[in-house]
Each structure stands twice: as structure tokens, then as C-alpha cells.
Amino acid sequence: MVVLRIRKAHKRRYALLCLSIVGFIMYRYLGTAPGGRRMSRRVGLSANSSQFTLEGETFRILGGSVHYFRVPRAYWRDRLMKMKACGINTLTTYVPWSLHQPERGVFHFQTELDLEAYINLAAEVGLWVILRPGPYICSELDLGGLPSWLLRDESMRLRTTHPGFAEAVNTFFDKLIPKVVPLQFKKGGPIIAVQLENEYGSFAMDNTYMPFIKEALQSRGINELLLTSDNHEGLKEGGVTGVIRTVNLQKLNQEDIKYLNAIQPNSPMMVMECWTGWFDAWGDLHHVLAQEDMVSAVREILRRGMSINLYMFHGGTNFGFMSGALTNPIYKALITSYDYDAPLSESGEYTPKYHLLRDLFSQYHSEKLPDMPALRWKETYEPAIMYQHLSLWDALTFAEEPFKSPTPVNMENLPVNSGNGQSYGYTLYETIITSGGSLKSGDNVRDRALVFVDRHYIGIFKHQNLELAVPDGKEKRTLSLLVENCGRVHYGKALDKQRKGLVGDILLNNSPLRDFTIYSLDMKTSFIDSLNQAPWMSLPHVPSFPGFFLGRMFTYGYPSDTFVKLPGWGKGVVFINGLNLGRHWYIGPQQTLYLPGPFLNSGVNQVIVFEEQEADYKITFEETPDLGMAVDIQ
């Protein structure tokens, strides 16, 4: 009996000791703010007065946007530490549905898309997080970050409660939201607020849609403060009951401020997107915002006691084919760089904007800001000489099996990628003709097509060029149209019309062409890697276009960042070690492609350029970027 009592006493002491240890760990982890100050985790970010409060104490959001999907994972910490050193206290990031769910039933949340790791890293660095999970995010991404397979449904109405769209949103949120729920403030994580959709007031096609998104988030466990974000045009239509409205702008508009004050009296004011620069389109100039103008706007916002988020703090890169496009007044595809003229450059360099903001933000901190992290070395490497060539026509045997159809089929409805269609890249349409004459696209080419007869180039179709002359000939000849998706429109009310490839009939002498053989050329890494087995031809021989050019790049030691330049080349895509860096095009403004050091091997690196028009057989690597001739944003 005595022994039994002693054992019970030991068990009680052991249980108390375990509870004490667990309690201490929870106190250290759950009760510590990113800044190192301990706080309870019961209330979170509140908007019940003229200023935000965080766990009951006045809190001004000094935010900055850095998107994990536009930055190599190896550089996440570097970019966030530079953000912290500038005086930013809150990271904001979008979540791109199109990248996380490229096909129905296929979800990617690993490596470069490990959202949980990114949010945890923000907490480790000492930053709060405002999450912007969409489902539509704009962000100058192809289709605003919506997956293209949604457009396989001919009746699809994006950003509404259309059953097909609502069902797809629910499926995505079923995977996404459980990953971020444990990372909310009240559960010990850094997420202090979540944004509903993005600038819906400018779209406003369904008044039941935003309440649906709110319910979709809350029913899955989101219980932090909810926000909406709208520009001037959409501010009045973008609100949701019980959700704080914020505004997006580059310069303060008094009418917007008055309106927010009127509909949200005694509530905190926030500029969710204070645009630090702007994006660029192919054929335009490089847009820059004078540093004095940007800092003046930020200073005025802070003087008024408002919270702020800098969009972008660091823009990064639209690697691959993720860039969007403009449609108003005419179609314009966006460039690969997303430098945005932001305070931190595309490659993570400090700019004059950064230093001015750091001086300004330091006035809103009681403690000295962290030291600025050292910059990374940029390297000028020896040029890569392209020593082998492969014509597009010889590469077709390494693409997916061609699809035969009596009529043209748009990219999204091709029977490829497990029934999800083609999202990006090129599609080749071939048919037999027995005469020459007038070839008309009827504006059914999306977005640009190189046209060939028996694989000899005869011209180009694009949005402004709708007719070509086909040389005479009565024998059977092959007519080929290599159609590129240059980027789906990312903003506006034309999202439902963003199907790519051939979206209707092509007419020869006013008769529609029929019986097509269609090749999907989405230029995935698996396809590029498969070309290692292709019958490459040694240069110099007279290459045919379009075609692939193969070369080698040599690095020594730990590879550094560099910038790829292609003088004398026309238009195409650059691949380094099978990774798609993005598009190049001589019309600019962008003249270099950012190549991060982590994409390189020490020693030999494979360089492949797909080129549509002309080639110099050499590409260079420089230590500074060239984003083209600049123009001030007015």
C-alpha cells in the first residue's frame, strides 16, 4: 500500500513536470510576437477604433509585398531580412491558384511553392503576415492567377457563384486553407489578417460571390480579421458586410479617403496597395516612379495615421510563362521581369527608394532597425556559344502525340495533360491546302501565329494583322500555324474570353480550313529534357526557324547571379538546365533576363534557346540588368 502511494506521488510529480515543460514551450512559442515581445493570443488584429489594435495595443501596419512564387526559394530569407531591415513589420503575399493546382486533382505545395515554409520563415525573421489567397489575385499573372483548365467549361463564368467555378474554389480551398489555419495569430502563427478575393468592386458581376468567399474562408477555420482591397473605380462595389475595406492607389485621392471615412466611421484606414512603381508590357518603355513622388505619398499616408502596404516592396520575376496581359485599349503581353521599379530590385539590390523608406520608417520604431544584409555578388560570365541546332519540325517527335480534329480546337480544350488541356506555350496547327490565295484569321488567333507553307515562313498573324497572302500552287501542301499564348489578360471583365490557340475558323479564300493535326508544345521541363535524345545538328550550318539552339555556360565555384542578354536574337524562350527563365523579345523594353545563382551548377550548365525568327549563335552574361529605356509614370 505504501509502495503504491509512493508510485502515485511520483506519477503526479512527473505529470506536473511534463505540464510545466509543455506550458513553458507554449508560452515561449505562442506568446512571442515577431518582434520578440510576448503577448497573449486571444483577440488578434482588431478594427474597432480609428487605429488597428493587436491584442489590445495600438498597431500600425507597415507592410510590404514579396511573392514567394516570384523569388527563388534560396533567396526567401535574404529578401525578408532586407524587408525587416527597412522597417517593415508585415509581409503580404498572394497565393496563385494556377501554380498550386495546375490540373484538377493535382496540387503543388512543395519546394518553390511551399507556402507554409514561407509563412513560418516570415515569423522567424520577425514579420507578421497578411495572406491574400484569392481565389482571383490579379498580380499581373496569366488569367489573374486562375487556372486555365477552368475555361474548358464553355459556360464558365469566372469570379461568380457559377456552379463550376464555386465547386472548383471549394476544392482548392479544401487543400489550401487547412495548411494556413494553424499559422493564424490566435493559434500562435504570424497571420494577422486575410484578404477576400482582390479588387472585386471593379468586376462586380455577382453580388452573392463575395459573401460566398467569406463563408468559404470562415467555414474552413479562418478567424482572423478579414479585409477587402479595391482601387478607386471599385471601392464602392467591393465591400462585404463585417469586412474592413482598404484602398489601392499610387497617389492619395481625397474622394476615396472621404468615402472610406463615410462608410467606415471610426474605423482604421489602410492603403492595401501603395504602388511603388508599375509593370511593363512588350513594346512599351520601362515604367519608373520618381523616388521623391513615391516617398512623398508614403509620408502623407503615414502622417494621416493610416496603415500601409507597399506593392511591391520586391517584385521579383515572372519565370516561365506566368506573365499576364493588358486588353485595354489594345492587347499587350507583359514582360518576364516583375522588377516593378520597387524599393528592392528584381535581383534583390537596394535602390534609392529603399534607403529613403528606411529613413522614414525608422521614425515609427522605438528601437534601432536591424542592420542591412550584405548584397550578393553579381557575375559577368563568359558568353555561351551555341554549337548545336534542332529545328522545331525535328523536335515534334518528342512532343505529346498529335491530336486530329476536323475543326480548330483551342489550347484549353486539347486532350492533353490528363484531360486538363494546355495552359501555356505554343500550339502547332497543321492542315493540307491545294491552292493559294487570301488567308484570314478573323481575329481567331490568340495571340500570335507564325504561318508556314511546307514549313517555309510566309508571315504572321497577330491582333492587328488579320490577313496574309498564300503563294499560288495547286498541289497538296502543308499549311502550319505556330500559335503562341503570349499571356492571358489578368484584369477586367474579359476573363471568360481568355481561351488561347485557334479559337475559331481560319479562312482560305473565305472557306474555313478543316482537318487539323494539332501539336501541344507547352515547353515543360520534361519536354526540354527529352530533347537530349533529339538529332541535333552541329553549327555552323544554316539553321531553320523556328528552332532550338544548344550551348554551354561555365561557372566556377559557387555560382553567382547574372543577367542573360541576347543581342542579335529575335523572339523566343530561354532555358537554363531545363528551367524556363522566361520570354525574350528584341522589341523590349526588357533586354536582359535575370538568372539567379541557385539555378546554376558549379561547372557546366546547359543553355537552350527556342528562337522564332533570328539568332546570333551567342548569348552573353552581364552583371547588371537592362530593363530598357525608362519613362516616368504620370
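Look above for the structure.
A quick note: this is a predicted structure, and the numbers were derived from the prediction, not measured. (Residues numbered from 1 in each chain as written. Predicted model: local features only at pLDDT ≥ 70, side-chain atom pairs only at ≥ 80, totals over all residues. Heavy atoms only, no water.)

A. Examining the overall build of the protein chain more closely. Counting secondary structure elements, the protein chain contains eleven helices and 36 strands. Judged by the C-alpha coordinates and their principal axes, the protein chain covers about 100 × 70 × 55 Å. Residues counted as buried form 59% of the 634 residues belonging to the protein chain. Sequence-distant contacts in the protein chain: of pairs separated by 6 or more residues, those separated by 24 or more amount to 78%. Accessible area for the protein chain stands at about 25800 Å²; split by element, carbon and sulfur atoms hold 53% of it. The distance from the centre of the 63 positive side-chain charges to the centre of the 65 negative ones in the protein chain is 10 Å. (Helix = DSSP H or I, 4+ residues; strand = E, 2+ residues; numbered from the N terminus. Buried < 20%, exposed > 50% of the residue type's maximum accessible area, 1.4 Å probe, protein only. Contact = heavy atoms within 4.5 Å. Areas by Shrake-Rupley, 256 points an atom, 1.4 Å probe, with all protein chains shown as cover. Lys, Arg positive; Asp, Glu negative; His and termini not counted. Charge placed at Lys NZ, Arg CZ, Asp CG, Glu CD.)

B. Layout of the sheet that holds strand S2 (residues 53–54). Pairing is antiparallel across the open sheet formed by three strands, whose spatial order is S1-S2-S3. Edge positions in the sheet fall to strand S1 (45–46) and strand S3 (57–58), since each of these pairs with one other strand and no more. In this sheet, S3 lies alongside S2 in antiparallel orientation, the contact comprising two bridges. Within S3, the residue paired with leucine 54 across the bridge is glutamate 57. (Pairing = 2+ DSSP bridges.)

C. Up close: empty space enclosed by the protein. For the structure on display, the rule yields two cavities of 30 Å³ or more. In this structure, the largest cavity spans a volume of roughly 50 Å³. Contributing to the lining of the largest cavity are Trp278, Phe279, Asp280, His286, Ile335, Ser337, Tyr338, Asp339, Tyr340 and Leu627. Among the residues forming the lining of the largest cavity, the class breakdown is six nonpolar, two polar and two charged. (1 Å grid on protein atoms, 1.4 Å probe; cavity = no way out; pocket = protein on both sides within 12 Å on 5 of 7 lines; lining within 4 Å. Points joined across faces, edges and corners; volume = space filled by probe spheres on them. Nonpolar A, V, L, I, M, F, W, Y, C, P; charged D, E, K, R; others polar.)

D. Representation of unusual backbone geometry within the structure. Following asparagine 328, the chain continues into proline 329 via a peptide bond in cis, with omega recorded as 5°. With respect to the secondary-structure elements, proline 329 resides in the loop between strand S13 (325–326) and strand S14 (332–333). One non-glycine residue, tyrosine 340, lies in positive phi territory at about 65°. Here tyrosine 340 shows up in the loop between S14 and helix H9 (352–362). The class of tyrosine 340 is buried, set by a relative accessible area of 3%.

E. Inspection of the layout of surface pockets at higher detail. If you add up the space inside the largest pocket, you get close to 1200 Å³. Residue assignment for the lining of the largest pocket shows that the elements contributing at least two residues are helix H3 (97–100), helix H11 (525–530) and strand S32 (579–585). Its residues placed into classes, the lining of the largest pocket shows 16 nonpolar, 13 polar and six charged.

F. Main features of the sheet that holds strand S20 (residues 448–453). The sheet built from six strands is open, its strands ordered S16-S27-S17-S23-S20-S21 with antiparallel pairing. Taken across any chain shown, the strands that pair with only one partner, and hence form the sheet edges, are strand S16 (403–405) and strand S21 (456–461). Strand-to-strand, the axes of this sheet are offset by a mean angle of 25°, without reference to chain direction. When S16 meets strand S27 (residues 516–521), the two strands line up antiparallel, connected through three bridges. Paired with serine 405 across the bridge in S27 is phenylalanine 516. (Axes fitted to C-alpha atoms, helices over the stretch in contact; angles between N-to-C directions.)

G. Representation of the packing of helix H8 (residues 291–303) against H9 within the structure. It is at 10 Å that the axes of H8 and H9 come closest, and there the two elements cross at 20°. One finds that H8 runs roughly parallel with respect to H9. The way H8 lies across H9 gives a crossing that is right-handed. Contacts between H8 and H9 pair Gln291, Met294, Val295, Val298, Arg299 and Leu302 from the former with Pro352, Lys353, Leu356, Leu357, Leu360 and Phe361 from the latter. Here the contact of H8 with H9 is composed, by residue class, of nine nonpolar, one polar and two charged. (Parallel < 35°, antiparallel > 145°, perpendicular 65-115°, else oblique. Left-handed = near helix turned anticlockwise from the far one by under 90°.)

H. Quick look at the packing of aromatic side chains. Applying the stated rule across the entire model yields 33 aromatic pairs. On the basis of an interplanar angle of 85° and a centroid distance of 5.4 Å, the ring pair of tyrosine 68 and phenylalanine 69 is categorised as edge-to-face. On the accessibility criterion, tyrosine 68 (0% relative accessible area) is buried. Judged by centre distance (6.4 Å) and plane angle (45°), the rings of tryptophan 278 and tyrosine 340 are tilted. Linking tryptophan 278 in the loop between strand S10 (270–275) and strand S11 (286–288) with tyrosine 340 in the loop between S14 and H9, this pair joins segments that are 62 residues apart in sequence. Looking at tryptophan 278, the relative accessible area reads 28%, which means it is partly exposed. An aromatic cluster of at least three residues, connected via ring pairs, comprises Trp97, Trp149, Phe165, Phe172, Phe173, Tyr200, Phe203, Tyr209 and Phe212. In this arrangement the basic side chain of arginine 41 is found over the ring face of phenylalanine 185, its NZ or CZ atom lying 4.4 Å from the centre. Directly above the ring of tyrosine 136 sits arginine 159, whose terminal nitrogen or CZ lies 3.6 Å from the centroid. (Phe/Tyr/Trp six-rings, centres within 6.5 Å; stacked < 30°, edge-to-face > 60°. Lys NZ or Arg CZ within 6 Å of the ring centre and 35° of its normal.)

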